[in-house]
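The primary structure of each chain is shown beneath.
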Amino acid sequence: QVQLVESGGGLVQAGGSLRLSCAASGSILSISSMGWYRRAPGQQRESVATITTGGSTNYADSVKGRFTISRDNAKNTVFLQMNTLKPEDTAVYYCNAQIRRYYSIKHEEFWGQGTQVTVSS
């Protein structure tokens, strides 16, 4: 079994900051890419930021310069530091990871349960 558990969401005023965390646990042999996605009400899920094992990052244009993704490979954890938050950042944020389980020959995609981020104007 593999679990991704997110934390750190909440309500914040525009211009404020939040830090999301996501810890992967279970029968994990290795993790390749990790990332954060979000789904706003009435919209499709979109990629926010991704990071490889080596630390290469990719960001959505809408969050560049405001959000920073990082990871702790020893703890199988990925973070998302969100600064200068805007009301349009309001969404459920999901953690994603490509995980190879013990006795598996390939990496599989796993998702967290989601954490709500609400930015008030």
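Report on the accompanying structure. (Residues numbered from 1 in each chain as written. Predicted model: local features only at pLDDT ≥ 70, side-chain atom pairs only at ≥ 80, totals over all residues. Heavy atoms only, no water.)

Two orientations exist for strands paired in a sheet by backbone hydrogen bonds: parallel and antiparallel. Overall, antiparallel pairing links the four strands, which are arranged β1-β3-β8-β7 in an open sheet. Looking along the sheet, the strands with just one partner apiece sit at the ends: β1 (2–7) and β7 (67–72). Between one strand axis and the next, the sheet turns through 15° on average, direction left out of account. Bridge count between β7 and strand β8 (residues 77–82): six bridges; the pairing is antiparallel. By the bridge assignment for β8, Asp72 is matched with Thr77. (Pairing = 2+ DSSP bridges. Helix = DSSP H or I, 4+ residues; strand = E, 2+ residues; numbered from the N terminus. Axes fitted to C-alpha atoms, helices over the stretch in contact; angles between N-to-C directions.)

All right, on to the packing of aromatic side chains then. Under the defined criterion, the tally for this structure stands at one aromatic pair. Taken together, a centroid distance of 5.0 Å and an interplanar angle of 70° make the contact between Tyr37 and Trp111 edge-to-face. Pair noted here: Tyr37 is in strand β4 (residues 28–39) and Trp111 is in strand β10 (residues 108–111), with a separation of 74 residues, a long-range link. Trp111 gets classed as partly exposed once you look at its relative accessible area, which sits at 29%. Stacked on the ring of Phe79, the Lys or Arg Arg19 has its end atom at 4.2 Å from the ring centre. (Phe/Tyr/Trp six-rings, centres within 6.5 Å; stacked < 30°, edge-to-face > 60°. Buried < 20%, exposed > 50% of the residue type's maximum accessible area, 1.4 Å probe, protein only. Lys NZ or Arg CZ within 6 Å of the ring centre and 35° of its normal.)

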